[in-house]
2 protein chains.
Amino acid sequence: MSDWKQYLSQQAERSGDELNSIMQGIAQNRLREASSHMVLSGGKRLRAVLPMMSAGAVGGDPNTARAWGLSLEIIHNFTLIHDDIMDGDETRRGKKTVHFIYGNATAINAGDVLFARAIEVLDDVDASPDVRLKLYHELGSMVRHIGEGQQQDMDFEDRDDVTEQEYLNMIEGKTSRIFDSALWGGALLGGADEETAKKLGKSGRLAGMGFQIWDDYLDLMSTVEKLGKPVGSDIRNGKKTLMVLHFLENAREDDKETFFRIFKHDDATDMQIDTVRELFRSTWTLKHVEDTCADYIRQTRELTLNLPENEYREHLQDVLRYMVNRDV
Amino acid sequence: MSDWKQYLSQQAERSGDELNSIMQGIAQNRLREASSHMVLSGGKRLRAVLPMMSAGAVGGDPNTARAWGLSLEIIHNFTLIHDDIMDGDETRRGKKTVHFIYGNATAINAGDVLFARAIEVLDDVDASPDVRLKLYHELGSMVRHIGEGQQQDMDFEDRDDVTEQEYLNMIEGKTSRIFDSALWGGALLGGADEETAKKLGKSGRLAGMGFQIWDDYLDLMSTVEKLGKPVGSDIRNGKKTLMVLHFLENAREDDKETFFRIFKHDDATDMQIDTVRELFRSTWTLKHVEDTCADYIRQTRELTLNLPENEYREHLQDVLRYMVNRDV
């Protein structure tokens with residue numbers, strides 16, 4: 001296992017233990033169980049560990065960013081629980097969703113209480129009052145931004161004129177803002193000045209954008225073995241990804257007609273999904289998305305070049321590249 | 001109009017304007033409209049103005065507590081929006097609820113974004129870093145407590161063995177904790193020491209308990225003209241109020257049998273509601289609730305006696321008494 005993967009998995013495990021003890025601070029058994037269900041189900045815990053790497057990368061002690069990472073990981077889980085209700089999804093990562101098991105009422109409440117707990121966790125941040133106040137501000141501003149992105153995403157479902165730029169703006173809020181906060185806050189806690197912290201925040205934001213775009217790309221271009229679900233489900237569900245928007249802006253009318261006989265048809269065959277892949281290839285859509293992601297990786301790397309050379313900088317660069325350019 | 005009512009309504013109006021401008025900070029039209037729907041529909045704005053009275057009552061400038069009050073008012077509205085979804089209520093204060101108009105998904109998101117906005121509003125608190133940090137902590141702890149109370153309340157619906165003590169514990173979280181935070185924070189911002197602030201917080205908490213208990217009392221004992229809805233709807237809906245719990249713990253078996261032929265029957269007649277009133281009178285239940293509320297008023301007053309004599313102390317004492325002992 002490469003160094004960064006080892007570091008990530010070690011810290012992810014420790015974060016899991018800490019999250020478990022944070023969940024014990026919720027009274028009411030049913031509420032605690034519902035709140036813990038997804039938080040304690042594992043996962044890579046990128047949002048918990050990235051702040052630590054960022055703190056280390058600016059020459060600070062990674063542990064100073066531990067509480068910030070836990071807070072963000074809890075926020076992430078709160079938004080997943082609420083998003084699953086909003087989207088009516090019954091499974092996530094192969095497990096039943098919180099509202100499916102506990103009902104909507106308890107799931108709404110569990111999300112709210114997780115948000116509250118994410119604020120409480122910041123009690124454990126050991127930093128100057130000035131930095132601590134900035135973190136609280138960031139938490140509020142970030143969650144508002146996530147909510148605005150989620151709302152845009154829902155609005156897109158009913159619209160036929162979504163542009164690429166609107167899509168990028170949506171994922172910047174919904175998916176990537178939390179990675180900005182993760183790296184920005186980690187850097188501040190590691191002792192960086194605001195300018196350096198903002199640069200790192202930006203590298204997290206770009207990697208987060210690439211993360212989402214690559215996720216959508218894999219849904220069409222990967223294999224059922226790697227995905228653990230059928231290839232092309234976004235196409236069958238009619239999801240307006242960057243690929244779809246780029247294709248619609250650039251394709252000929254007859255190709256669009258072919259596309260719309262497949263898009264948003266949940267009974268589309270694998271052969272029809274192949275056709276979409278071919279349409280995306282011939283309109284340079286795949287190339288466009290690959291280039292966009294490559295550009296995010298390049299920018300992300302540039303933003304971290306001036307940091308001191310140490311193992312955390314390496315970890316961070318490796319993880320940010322991995323976020324955008326992974327196979328699964 | 002008495003002094004305190006005039007002060008409250010003046011400040012409520014100004015708070016309404018400020019809340020309007022805070023709502024403009026939410027991007028996405030639909031999200032902003034859904035978030036604003038209830039916040040801007042008026043109301044007494046007790047949670048916005050109480051902190052100002054508290055700051056004034058300890059000898060400080062009421063304006064120092066303005067941002068804290070706005071933050072709490074926003075939190076209150078976020079919890080109402082989510083509670084209405086959880087409880088499936090289609091109207092509140094005679095208006096359609098947010099989820100009824102905008103759908104569950106947008107209403108969930110609106111509540112989340114209001115919570116985030118309530119954090120952001122604390123940017124405007126002009127106080128020492130130490131006090132500001134305490135307020136952020138309080139916000140998280142308070143919302144968790146409110147959520148735990150809401151969960152207890154939902155659990156009570158399916159249980160037949162709820163005790164009076166459990167009920168008091170539930171409303172302490174769900175209803176009254178925010179009044180504790182309001183007075184505690186207002187006092188701190190007004191320059192009080194932690195001990196004085198805690199005393200005032202306690203007076204707010206007790207008044208908040210009385211507020212809820214008296215609300216339930218009025219539902220049975222007031223008139224349709226004053227309530228603006230039929231008398232006895234809590235009985236028809238099977239709500240486990242302090243009166244119901246006290247009655248069940250103290251009534252004879254045959255009285256309980258009579259009671260259960262009416263309780264939780266949404267077609268119960270006005271004459272049957274009269275019967276419940278008579279049952280509650282004969283078991284000293286009404287007396288018990290009246291005494292409990294009188295005791296809250298007495299304690300609340302005692303907790304504010306040592307404050308400097310000024311107009312804000314008067315306002316505060318008057319409002320706290322009014323909260324428990326109002327006719328409507």
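Values in this document were obtained by computation on a predicted structure and should not be read as measured data.

**Let's talk about the environment of B:Ile171**
Residue and element names in this part refer to chain B.
Point 1. As for its placement among the helices and strands, Ile-171 is situated in helix α8 (residues 164-189).
Point 2. Residue classification places Ile-171 among the buried positions, given a relative accessible area of 1%.
Point 3. Sequence spacing of Ile-171 and Gly-149 is 22 residues, and the spatial spacing of their C-alpha atoms is 6.4 Å.
Point 4. In this view, Ile-171 contacts Ser-176, Met-209, Gln-212 and Ile-213; residues no more than four positions away in its chain are not counted.

**Notes on the environment of B:Phe78**
Point 1. Assignment of secondary structure puts B:Phe78 in helix α4 (residues 66-87).
Point 2. What makes B:Phe78 buried here is its relative accessible area of 1%.
Point 3. Each C-alpha atom of the pair B:Phe78 and B:Val113 lies 8.3 Å from the other, and the pair is 35 residues apart in sequence.
Point 4. Every residue in contact with B:Phe78, bar those within four places of it in the chain, is listed here: A:Asp112, B:Gly111, B:Leu114, B:Phe115 and B:Val143.

**Section: the interface of chain A and chain B**
Point 1. Listed per partner, the contact involves 38 residues of chain A and 38 residues of chain B.
Point 2. When the buried area of chain A at its contact with chain B is split by residue, A:Leu133, A:Arg144 and A:Gln151 rank highest and sum to 16% of it.
Point 3. Viewed at the interface, chain B and chain A are joined by two salt bridges.
Point 4. A salt bridge links A:Arg144 to B:Glu120; the shortest N-O distance between them is 2.6 Å.
Point 5. Viewed at the interface, chain B and chain A are joined by 14 residue pairs in polar contact (both at pLDDT 80 or more).
Point 6. Of all elements in the fold, only α2 (29-39), α4 (66-87), α5 (98-120) and α6 (129-157) of chain A reach the threshold of two or more residues within the side of chain A that touches chain B.
Point 7. A total of 16 residues in the side of chain A that touches chain B trace back to one element, the largest contributor, which is α6(A).
Point 8. Residue composition of the side of chain A that touches chain B, by class: 17 nonpolar, 12 polar and nine charged.

**Notes on the packing of helix α1 (residues 3-23) of chain A against α4(A)**
All names here are of chain A.
Point 1. Taken N-terminus to C-terminus, the directions of α1 and α4 make an angle of 70°; their axes are 11 Å apart at the nearest point. Taken as axis vectors, α1 and α4 run roughly perpendicular relative to one another. Side by side, α1 and α4 meet where Gln-11, Arg-14, Ser-15, Glu-18, Leu-19, Ile-22 and Met-23 of the first sit next to Arg-66, Leu-70, Glu-73 and Ile-74 of the second.
Point 2. Of the residues in the contact of α1 with α4, the class split is five nonpolar, two polar and four charged.

Each value, and the rule that gives it
- Residues numbered from 1 in each chain as written.
- Chains lettered and ligands numbered in written order.
- Predicted model: local features only at pLDDT ≥ 70, side-chain atom pairs only at ≥ 80, totals over all residues.
- Heavy atoms only, no water.
- Helix = DSSP H or I, 4+ residues; strand = E, 2+ residues; numbered from the N terminus.
- Buried < 20%, exposed > 50% of the residue type's maximum accessible area, 1.4 Å probe, protein only.
- Contact = heavy atoms within 4.5 Å.
- Buried area = accessible area lost by both parts, 1.4 Å probe.
- Salt bridge = Lys/Arg side-chain N within 4 Å of Asp/Glu carboxyl O.
- Polar contact = N/O pair within 3.5 Å; in protein donor to acceptor, adjacent residues only side chain to side chain.
- Nonpolar A, V, L, I, M, F, W, Y, C, P; charged D, E, K, R; others polar.
- Axes fitted to C-alpha atoms, helices over the stretch in contact; angles between N-to-C directions.
- Parallel < 35°, antiparallel > 145°, perpendicular 65-115°, else oblique.

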